[in-house]
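Per-entry structural report
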Amino acid sequence: MISKPRVRFAPSPTGELHVGNARTALFNWMFARHHLGEFVLRIEDTDEARSARSYQDSLLADLQWLGLDWDEGPSIGGDYGPYKQSERLDIYATHLNALIAEDLVYPCYCTAQELEDERQALILSKRMPRYMGKCRNLTPDERQARLSEGRSPSYRFKVSKETVVFDDLIRGPIKFEGEDVGDFIIVRSNGMPAYNFAVVIDDHLMNITHVIRGEDHLSNTALQIMLYRAFGFDPPLFAHHCLILGKDHAKLSKRHGSVSVGEFRRRGFLPEALINYLGLLGSSFADGREVLSRQEMVEAFSLERASKSGAVFDEEKLRWLNALYIRSSETGSLMTELAPFLREAGYPPESIDPDWLRLVIETVKNDLTTLADIGEHIGIFFDPPDDLSPEAETVLNQPKALQVVEVFDQGLAQEEGSPEEVYIRTIRYVKETLSVKGKALFMPVRAALTGRTSGPELELVFAVLGRDAARRRLKRSCEKIKDKFYKHGQEQQ
RNA sequence: GGUCCCAUCGUCUAGUGGUUAGGACGCUGGCCUCUCACGCCGGAAACCGGGGUUCAAGUCCCCGUGGGACUACCA
């Protein structure tokens, strides 16, 4: 076992937590927990234009919701802070100066337009678009001239022609040639550090031992290793996992539908289901198990089981897991999770008797795929069946159907005891009195009671409703049917 | 275009030279059952192609082909 590894998740607060990033966080978290190491959270907010405080807050909230707790980072601190890059600017400045002193970087005065022109020219001549080093060998006088024009420089790293090789923990040896990469910017003209520069410094200073991240960072790794070499730092170990893909096999993005953790939360997915599903995407667990708690995932986790090819996000399978977790949820906690969805559906839980609500949820929880489905399943207990479904009408319009309902209602009046007992005895009474059984017996009762032809077991429905409410419904449905078919039918004759 | 990565059922995956190529989601047939679900039993469904290496290749090598990522003063 690796001793005390330190890993990090370093999102930029430019939007809601994306499931792809959540999965990266999960991999890092599982790795840390499995190896009894530390999981560090760092906020990469050096893009002032796109970063927002509200996103940082939602990022932390989503991570907590998923149950991915961090050992160091925003809101809890640690020995390697600060954990927000915007608060580490002086550190980057010091490191920039160190590279300047060694002549490993140079100021670049090119404007965005000049750079764009160079790019277009290279593309036009069918060459690889990259920075050709225009400012690399400027004389002090030339630099001074540009400065006095009011240009503020960015700083570029002098890329040498050496070969960069590293051993990816998931992909094995990977090689890049220095001559394929242009001098890249490490500090922007506004003074902010560029990504590749800041990560290297932070990962080194924060003592990160394993960098586990998406495959989209594979080529950045080459640049980062060049920087590690320039600083004389030992690079960490790298592991690049595959990306999450949409149905069209392109990197999962907004146009594929729901992609943020927040969206799934709002759509009624349980954190346990999402995290379990994410752990299954592009990886697998020890003995082939697919339904695992966080703790079991941690125990069964291994980087070696991470697959190399992209994984298509399959919402169907997520839904299956979600239904599974809802079904096995303890009803009490399910009530808490359900609260916002009940409110949304027009059944504010605070205005419902909690004991009765618990009973209701108990009987419908097997039918939910997402929490947001609650509305369509709970209606039968709240709304009298004024709106008989066409199927229910058909059932009640069969010969003897109304008679079944009426005899059932009469039987109800005579029975005493618990709702279950009353129900069972009454059903038996109808069965014997009218000599009906099976569908002919139950369906009319169900249709009249709920207005539907499908739903939870009748015994449960009856128990939830109680005798009085049940009787009112039976009468009402009978009237509806008589009204619609019987009376009108006669008038038309 | 350049660089890099990847390639087992529709999808997620198991498989580390010898397997009837396994599991899961989805689809589907049946059972259970008042219905819908749940559950149980069964079915269809895959090694991208071509060369090697080997007694033996899904597994190793090469070449194709296909897909993806990156190619920003975003991270």
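Reading the values: the criteria
- Residues numbered from 1 in each chain as written.
- Chains lettered and ligands numbered in written order.
- Predicted model: local features only at pLDDT ≥ 70, side-chain atom pairs only at ≥ 80, totals over all residues.
- Heavy atoms only, no water.
- Axes fitted to C-alpha atoms, helices over the stretch in contact; angles between N-to-C directions.
- Helix = DSSP H or I, 4+ residues; strand = E, 2+ residues; numbered from the N terminus.
- Parallel < 35°, antiparallel > 145°, perpendicular 65-115°, else oblique.
- Left-handed = near helix turned anticlockwise from the far one by under 90°.
- Contact = heavy atoms within 4.5 Å.
- Nonpolar A, V, L, I, M, F, W, Y, C, P; charged D, E, K, R; others polar.
- Salt bridge = Lys/Arg side-chain N within 4 Å of Asp/Glu carboxyl O.
- Buried < 20%, exposed > 50% of the residue type's maximum accessible area, 1.4 Å probe, protein only.
- Core = buried A, V, L, I, M, F, W, Y, C linked by side-chain atoms within 4.5 Å.
- Domains from an automatic or database assignment.
- Near = heavy atom within 4 Å.
- Polar contact = N/O pair within 3.5 Å; in protein donor to acceptor, adjacent residues only side chain to side chain.
- Phe/Tyr/Trp six-rings, centres within 6.5 Å; stacked < 30°, edge-to-face > 60°.
- Pairing = 2+ DSSP bridges.

**Examining the packing of helix α9 (residues 271–280) against helix α11 (residues 315–328)**
One can describe the packing of α9 onto α11 by two numbers: an axis separation of 8 Å at closest approach and a directional angle of 140°. Judged by the inter-axis angle, α9 sits oblique to α11. The chirality of how α9 crosses α11 is right-handed. Contact residues: E272, A273, L274, N276, Y277 and L280 in α9; K317, L318, L321, N322 and Y325 in α11. Here the contact of α9 with α11 is composed, by residue class, of seven nonpolar, two polar and two charged.

**Some points on the pattern of salt bridges**
Summed over all chains, the structure comprises 33 salt bridges. For the salt bridge of R229 with E162, the shortest nitrogen-to-oxygen distance reads 3.5 Å. Of the two residues, R229 is situated in helix α7 (residues 218–231) and E162 in the loop between β4 (154–157) and β5 (163–168); the sequence distance between them amounts to 67 residues. Judged by its relative accessible area of 35%, E162 is partly exposed. A salt bridge links E315 to R267; the nearest nitrogen and oxygen atoms lie 2.5 Å apart. With E315 in helix α11 and R267 in the loop between α8 (261–266) and α9, this residue pair connects regions lying 48 residues apart in the sequence.

**A word on the nonpolar core**
In terms of nonpolar packing, the biggest core is built from 101 residues, with L66, L278 and F313 touching the most fellow members. Per-element accounting of this core gives the leading share, nine residues, to helix α1 (residues 19–34). By size, the runner-up hydrophobic cluster in this structure holds 33 residues, among which are V164, V200, V211 and A230.

**Comments concerning the domain arrangement of chain A**
Partitioning chain A into domains gives domain 1 (6–76 + 245–312), domain 2 (88–241), domain 3 (329–381) and domain 4 (390–492). On a C-alpha basis, the centres of domain 1 and domain 4 stand 50 Å from each other.

**Side note on the packing of helix α3 (residues 89–101) against helix α6 (residues 195–205)**
Two elements in contact, α3 and α6, have axes separated by 11 Å at closest approach and are oriented at 105°. One finds that α3 runs roughly perpendicular with respect to α6. Across the interface between the two elements, I91, Y92, H95, L96 and L99 from α3 touch F197, A198, I201, D202 and L205 from α6. Among the residues forming the contact of α3 with α6, the class breakdown is eight nonpolar, one polar and one charged.

**A few points about the protein's contact with RNA strand B**
Within the structure, RNA strand B sits among 60 residues, and C110, R171, R188, G282 and E290 are positioned closest to it. At the protein interface, 74% of the atoms of RNA strand B within 4 Å belong to sugar or phosphate. One nitrogen or oxygen atom from the side chain of E44 is found 2.7 Å from a sugar or linking oxygen belonging to RNA strand B. In the environment of RNA strand B, a base nitrogen lies 2.8 Å from a nitrogen or oxygen atom belonging to the backbone of L458. The set of elements that each furnish at least two residues to the surface near RNA strand B consists of α4 (112–124), β6 (172–177), α7, β11 (311–312), α11 and α18 (439–450).

**Here we look at the packing of aromatic side chains**
For the structure on display, the rule yields 13 aromatic pairs. For the ring pair F231 and F233, a centre distance of 4.9 Å and an interplane angle of 15° mean the geometry is stacked. Here F233 falls in the buried class, since its relative accessible area comes to 14%. A centroid spacing of 6.4 Å and a plane angle of 80° characterise the contact between F408 and F462, whose relative ring orientation is edge-to-face. Taken together, the residues span a long stretch of sequence, with F408 in helix α16 (residues 401–414) and F462 in helix α19 (residues 458–465) at a distance of 54 residues. Each member of the pair, F408 together with F462, is buried. These aromatic residues form a ring-pair network of at least three members: F264, F269, Y277 and F313.

**Looking at the sheet that holds β4**
Spatially, the three strands line up as an open sheet ordered β3-β4-β7, and their pairing is antiparallel. Strands with a single pairing partner mark the edges of an open sheet, and in this sheet they are β3 (105–108) and β7 (185–187). Pairs of neighbouring strands in the sheet enclose a mean axial angle of 45°, with direction left out of account. Relative to β7, β4 runs antiparallel, the two being bridged by two bridges. Of the residues in β7, the one forming a bridge with R156 is I185.

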